[in-house]
Each structure stands twice: as C-alpha cells, then as structure tokens.
Amino acid sequence: MKKNFDILYLVIALIFSYGIGLIFGDSYLLGSTTLYIAFVHTLLQTKGKWYQEFVGIISTILSTLVSLLANMYSSAIFSVLVYIPLSIFSIMNWKKNKNQNDDIVKLNKMTFSKSLIVIILIVLSSVVLSYLLSLIPSQRLAFLDAVSTVLNICGILLIALRFKEGWIVWVLCNFVDISIWIISFINEYSGNSVMMIIMSVINVALNIWGFISFIKLRNKQEVNVDKNLQENTATVNFDNVND
C-alpha cells in the first residue's frame, strides 16, 4: 500500500511540476525541475531515510541557480558554503544513527533550553547577515533574503541533528520565501518567480506533512524503546528467579 502511494505521489508530482512550468512559461523549466526534486526530497525525508540528503544536494544546487538568476546572492553563496557541507554532515550523521534493519534514522528530542538558544541565534544571525548583504550594491531584499537563508540553514542543521522541529523552522522559512518571490514577481526580478511562489506554498504543506510524519516516527520509536526495556527487564527477572 505504501509503495503504491509513493509511486502515485511521484507521478502526480512530476505531472504537476512540469505542467505548471509549461503553463507559466518557466525559464528552461528550471523552476519545474527544482520543484519536482523538492517533492522527491521531502518524500524521502518524511520516511526518515538516511540517504535522503543526496537528493537534497541536487535540490540545493538547482535552487542556487534560480537565486543567482534573480540576484539573490545570499541564498546562492550560502548554498555553496553552508548548505552542501551541512547536507554532507546530515548524510554521515543519519547513516551513523539509523536502525540497522530498516535504514530509518533514530530521532532526537528538543528541550526548552535548546529551543530558546535556537531562536536567539536565528534573530542575531539574521540581523548580522542582513547588514552584510546590504553592503552589496546589487543585492535585492537584503533583510528577507537574510532571514530566509538563516531559517533554511537552521532547518537543515536541526534535521541533520535529527530534531523534528527542523520542519517547523522550514515552514517559517517558506512563508518568508513566499514574500520574497511575490515581491520579485511584482518587480519582475526573475522569470522563475511564479514557479518559486508555487514551490514555496507547496513546501509549506510538505513541511507540515514532514513534521507530522516525524512525530509519528518519534512516538513509534519511543514505544519500541519502552517495549524493549520491558522485555529486557522481564528477562532479567526470569533469570534471577531461575538462579
């Protein structure tokens, strides 16, 4: 059943991505390809597959090309310097912390103190990066570009560290991206603006799906841990009785 859903999902995503691209005159179908790869990446992420970030690297490269064409230098620069290295780290960390029998990653639990640290770092990093970007003469939408970049990096890092809260950060990031590409469309900054708006809206839904999937996966893993603990305790007690 799950396999049939996956196939149906990928086929519908393919038709939708390139269909929308043809309708809105997507430049070189770059936006369409970026959108479809994002669909594939999200599917693998929601399943907790350790190798999902290989597809994520491809998605990052395509998004970088779109950002360069729209003179959004922050996203482009950090894709090369930050996103790809983080993706490589994610692959290594997920592979190291996966279940041996099903290749599914073991998730971590976020605490209040960690959440507070993440929020403070996001705010400070956004302010600093926004100032640095404003020094570039041709940079557009410096503040929004900076916030989007920081949120994206934070989301990637949290997911790489196996925290489900990374999906929430990505939801916020996509709302910022929607604002960026709407402004870009109005001011005709990029021929891929419509596709990027559509992709950002869809990503909001996909990220919510991912967050829910991680919650279910986390709960399932906790149940399995409790079950194994009970079985081990029962075994120890049985051995003590025999002794």
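Everything numeric in this text was worked out from a predicted model, so none of it was measured. (Residues numbered from 1 in each chain as written. Predicted model: local features only at pLDDT ≥ 70, side-chain atom pairs only at ≥ 80, totals over all residues. Heavy atoms only, no water.)

J.: A description of the packing of aromatic side chains should follow, citing residues and the corresponding values.
T.: All chains considered together, the criterion is met by 5 aromatic pairs. Among the aromatic residues, ring-to-ring pairing joins Y9, F16, F39 and W209 into one connected group. (Phe/Tyr/Trp six-rings, centres within 6.5 Å; stacked < 30°, edge-to-face > 60°.)

J.: Residue-level account of the environment of I57, with values.
T.: Note that I57 resides in helix α3 (residues 52–69). Linking I57 and V80, residues 23 residues apart in sequence, is a C-alpha distance of 10.0 Å. (Helix = DSSP H or I, 4+ residues; strand = E, 2+ residues; numbered from the N terminus.)

J.: Which residues make up a nonpolar patch on the surface, and what are the values?
T.: Together, F112, L116, I120 and L124 make up a nonpolar patch on the protein surface, roughly 440 Å² of accessible area in all. Examined against the element boundaries, F112 turns out to sit in helix α5 (residues 112–134). F112 gets classed as exposed once you look at its relative accessible area, which sits at 68%. (Patch = residues over 30% accessible without salt bridge, like charges linked within 9 Å, V, L, I, M, F, W, Y side chains within 5 Å. Areas by Shrake-Rupley, 256 points an atom, 1.4 Å probe, with all protein chains shown as cover. Salt bridge = Lys/Arg side-chain N within 4 Å of Asp/Glu carboxyl O. Buried < 20%, exposed > 50% of the residue type's maximum accessible area, 1.4 Å probe, protein only.)

J.: Break down helix α7 (residues 166–186) for me, with residues and values.
T.: Along its 21 residues, α7 runs 30 Å from first to last C-alpha, staying within 8% of the 30 Å computed at 1.5 Å per residue. Positive backbone phi, approximately 60°, marks E188, located one or two places after α7. (Expected span 1.5 Å × (residues − 1).)

J.: Could you give me a rundown of unusual backbone geometry, with the residues and numbers involved?
T.: At R162, a position not held by glycine, the phi torsion is positive, near 75°. Residue R162 is classed as buried on the basis of its relative accessible area, which comes to 10%.

J.: If you had to explain the pattern of salt bridges to someone new, which residues and values would you point to?
T.: Once their charged atoms are close, side chains differing in charge can pair, the charge on each being opposite to the other. One pass over the structure, following the stated rule, counts 1 salt bridge. Taking the shortest distance from any N to any O, the salt bridge between E165 and K164 comes out at 3.3 Å. Note on accessibility: E165 and K164 belong to one class, buried.

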